[in-house]
Number of protein chains: 2
Amino acid sequence: MRCALVSRTLDLRGYLGAEIGRFADRIEIVDHRSDGKDADVRLAVAWHPPDDAFERYPNLQAVCSIGAGVDNIIACPSLRPGIEVVRVVDPAQAQMMSGFVAWHVIGHQRRFATYLGQQRDRIWQRLSQRHAQDVPVAILGYGEIGQRVAADLSQLGFPVLVWSRTAKPAPPPIRGFHGPSGLAAMLDETEVLVNLLPLTQETEGILNRELFNRMRRGGYLVQVGRGEHLVDEDLLAALESGQLDGAALDVFATEPLAPAHPFWRHPKIVVTPHDASDVRIEAVAATLVAAADAIGAGQRPPYAIDRNRGY
Amino acid sequence: MRCALVSRTLDLRGYLGAEIGRFADRIEIVDHRSDGKDADVRLAVAWHPPDDAFERYPNLQAVCSIGAGVDNIIACPSLRPGIEVVRVVDPAQAQMMSGFVAWHVIGHQRRFATYLGQQRDRIWQRLSQRHAQDVPVAILGYGEIGQRVAADLSQLGFPVLVWSRTAKPAPPPIRGFHGPSGLAAMLDETEVLVNLLPLTQETEGILNRELFNRMRRGGYLVQVGRGEHLVDEDLLAALESGQLDGAALDVFATEPLAPAHPFWRHPKIVVTPHDASDVRIEAVAATLVAAADAIGAGQRPPYAIDRNRGY
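Computed from a predicted structure; not experimentally measured.

## Describing the relation of the copies chain A and chain B
When chain A is fitted to chain B, the residual RMSD is 0.0 Å, and the transformation amounts to a turn of 180° plus an axial shift of 0.0 Å. Both copies of the chain, as the preceding transformation shows, are related through a two-fold rotation axis. Among all residues of chain A, the one whose C-alpha sits closest to the rotation axis is Trp103 of chain A, at a distance of 2.6 Å. Looking at chain A, 100% of its interface residues are interface residues in chain B too, so the copies touch through the same face.

## Describing the side chain of Asp275 of chain A
Structurally, Asp275 of chain A is set in the loop between β12 (269-271) and α9 (281-296). Overall, Asp275 of chain A belongs to the buried group, its relative accessible area being 1%. There is a polar contact of 3.4 Å between the side chain of Asp275 of chain A and the side chain of Arg126 of chain B. Every residue in contact with Asp275 of chain A, bar those within four places of it in the chain, is listed here: Asp250 of chain A together with Arg110, Tyr115, Arg126, Leu127 and Gln129 of chain B.

## A look at helix α5 (residues 112-120) of chain B
Buried within α5 of chain B we find Phe112, Tyr115, Gly117, Gln118 and Gln119 of chain B. Lining the buried residues of α5 of chain B we find α3 (91-110) and β12 of chain A together with α4 (91-109) of chain B. Phi turns positive, to about 50°, at Arg122 of chain B, one or two residues after α5 of chain B.

## Focus: the domain arrangement of chain A
Residue and element names in this part refer to chain A. Assigned domains within chain A: domain 1 (2-90 + 279-296) and domain 2 (91-271). The centre of domain 1, based on its C-alpha atoms, is set 32 Å off from the matching centre of domain 2. Counting residues at the interface gives 10 residues for domain 1, matched by 8 residues for domain 2. Summing both sides of the interface, domain 1 and domain 2 together bury roughly 710 Å²; the carbon and sulfur share of this comes to 47%. Linking domain 1 to domain 2 there are 2 salt bridges. The partner of Arg87 in a salt bridge is Glu144, with the nearest N and O atoms 3.4 Å apart. Scanning the region where domain 1 abuts domain 2 turns up 5 residue pairs in polar contact (both at pLDDT 80 or more). Split by residue class, the side of domain 1 that touches domain 2 holds 5 nonpolar, 1 polar and 4 charged.

## Structural notes on the packing of aromatic side chains
The description of an aromatic ring pair rests on the distance of the ring centres and on the angle between the ring planes. Per the counting criterion, the structure on display carries 11 aromatic pairs over all chains. On the numbers, 5.5 Å between centres and 45° between planes, the contact of Phe112 of chain A with Phe100 of chain B is tilted. One end of the pair, Phe112 of chain A, is in helix α4 (residues 112-120); the other, Phe100 of chain B, is in helix α4, on a second chain. You can call Phe100 of chain B buried: its relative accessible area is 1%.

## With respect to the environment of Val192 of chain B
Residue and element names in this part refer to chain B. Position of Val192 relative to the elements: it lies in strand β9 (residues 192-195). Overall, the relative accessible area of 0% leaves Val192 in the buried class. Sequence-wise, Val192 and Leu221 are 29 residues apart; in three dimensions their C-alpha atoms are separated by 5.8 Å. Discounting chain neighbours no more than four positions away, the residues touching Val192 are Val105, His108, Val135, Pro136, Val137, Ala138, Tyr220 and Val222.

## Observations regarding the sheet that holds strand β4 (residues 62-64) of chain B
What links the strands of a sheet is backbone hydrogen bonding, and the strands pair in either a parallel or an antiparallel sense. Residues and elements named next belong to chain B. What the 5 strands build is an open sheet, ordered β2-β1-β3-β4-β5; its pairing is parallel. Looking along the sheet, the strands with just one partner apiece sit at the ends: β2 (28-31) and β5 (84-86). On average, each strand axis in the sheet is inclined to that of its neighbour by 25°, with strand direction left out of account. When strand β3 (residues 41-47) meets β4, the two strands line up parallel, connected through 3 bridges.

## So, the nonpolar core
A general tendency of soluble globular proteins is for nonpolar side chains to be buried together. In this structure, Leu153, Phe158 and Val194 of chain A together with Leu153, Phe158 and Val194 of chain B are the most contacted members of the largest nonpolar core, which totals 68 residues. Not counting chain neighbours up to four residues away, the residues in contact with Phe158 of chain B comprise Val105, Ile106, Gln109, Ala132, Val135, Val137 and Leu153 of chain B.

## Comments concerning the environment of Arg42 of chain A
Residues and elements named next belong to chain A. Mapping Arg42 onto the fold places it in strand β3 (residues 41-47). For the pair formed by Arg42 and Gly67, sequence separation is 25 residues and the distance between their alpha carbons is 20 Å. Those residues in contact with Arg42, other than ones at most four positions away along the chain, are Met1, Arg2, Asn59, Leu60, Gln61, Ala62 and Ile295.

Cut-offs used in this document
Residues numbered from 1 in each chain as written. Chains lettered and ligands numbered in written order. Predicted model: local features only at pLDDT ≥ 70, side-chain atom pairs only at ≥ 80, totals over all residues. Heavy atoms only, no water. Least-squares fit on C-alpha atoms with pLDDT ≥ 70 in both. Contact = heavy atoms within 4.5 Å. Helix = DSSP H or I, 4+ residues; strand = E, 2+ residues; numbered from the N terminus. Buried < 20%, exposed > 50% of the residue type's maximum accessible area, 1.4 Å probe, protein only. Polar contact = N/O pair within 3.5 Å; in protein donor to acceptor, adjacent residues only side chain to side chain. Domains from an automatic or database assignment. Buried area = accessible area lost by both parts, 1.4 Å probe. Salt bridge = Lys/Arg side-chain N within 4 Å of Asp/Glu carboxyl O. Nonpolar A, V, L, I, M, F, W, Y, C, P; charged D, E, K, R; others polar. Phe/Tyr/Trp six-rings, centres within 6.5 Å; stacked < 30°, edge-to-face > 60°. Pairing = 2+ DSSP bridges. Axes fitted to C-alpha atoms, helices over the stretch in contact; angles between N-to-C directions. Core = buried A, V, L, I, M, F, W, Y, C linked by side-chain atoms within 4.5 Å.

Structural data, given as structure tokens:
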């Protein structure tokens, strides 16, 4: 089966490396070209595809992402209805994300920024200690990654609340919420908010003034979803007012984050370069092979998303 | 039962606060005085007692610590053989310690110091990511606290090795080691070393050049035992040579750490002010009451240590 690599931001052949060669007997990889048509391509791997990219492939049946998010593929105007969009599910990615989130949550609970500041000034001053039980952490998004993050934070002793669009079972002591009213109820109890939502029309701008104001005063944001979830000015205002005490931001509406952006030098913000967790290349390759097999057998690829829902 | 409060460094009455008043019908609290004798005192709470303190109490049967460590009590020359020494066991303390350790272990794995440095310089640069599975963490000391730290780090995906003086069972995938040969074997596989040992004659100075040299190159030390476990110069040399890539130090041979000590300004060392985890006052009070009840009934107090062993 012929598979095209389609990206305007990434050298996908270099990125996938030797992994794609392992399946050369089953998948013929071709680089995307902008001219003409290729009727033999039935599968693609894409990341920020050019707007007209998929016009070249009249018989395209499925597009695989190289990550858990597919928003940049769905946003492509030439992605016709009916083409399946496949995300990558990788337990190793969920674990990386969980450790990343735990570092920030514990850092907030234990006031490590204050310790680091004290060390700079050689100040020996013990801080008042808060137990994990007294720091409720809410997670927006309860898919594969959210479930892992929730389980690990719960093991560490934090009360964990999780929110999803539709109801999903959560094992006690994790408490599940869903829908708009569930979101409001959860935020009333939230000190640390972890954003793991997919980016859709419904979730764009969800991290805004109104949401921050519902959280406990002195709260903390861990933003590991997509930059477009956050209204930047609202975060800065919430930090200014003390409604939030800090934020860890790994994703931004424009990446790389512009050197002049106020987030870089804000004393209450930790900036990381969209590095919280990647899927492994092996997981991308496995997803691609499974998609090729499914298409060959006339079936729907595993981990194909619901295009109406957007994730 | 009359109980004396004995410390040359701490106002124990203020420290214990209202908690001790709750048991006023069963325990009469008196402050230590240096002159004369008090034959009615059968119990004491002590923290860094004066050298001659216990001479005053000819009928003293047990001394309770206010923490998990008893080294400062055992070191007191006037502590006669046969007086029981009781430590405080508090699950909440174990959990606080576990979060503290996890923060440092994840911080090493994920190179957060590098991220923070990049942010200062507004550098957007992704770092190579290492999975938790590739970062073996060894824990020295496998008592109540070590068990909790091991369980939590294991949940977070780290391979966890534990060492104790004598063999103790460890639930897989945690791997147990014991004795001198077990220590050497464990260190050969260790990247991050967490010190939770009690301070005894056997463990003093255990964190030394020879130990660091057995660890994987580029390792990391989390020192939350006692300052006297560490040979300061050997740590500085190991950081200088690159054998260790960093260290988190919460305890020091002299506390507060002197302003001129090189640890404060070392770029590879995080200093915190002996604040990783305290037992709760409620747990101290509960330990004291249980000791009073046991002594009253002619029994050995719970959590009395083995004085020959020193913990």
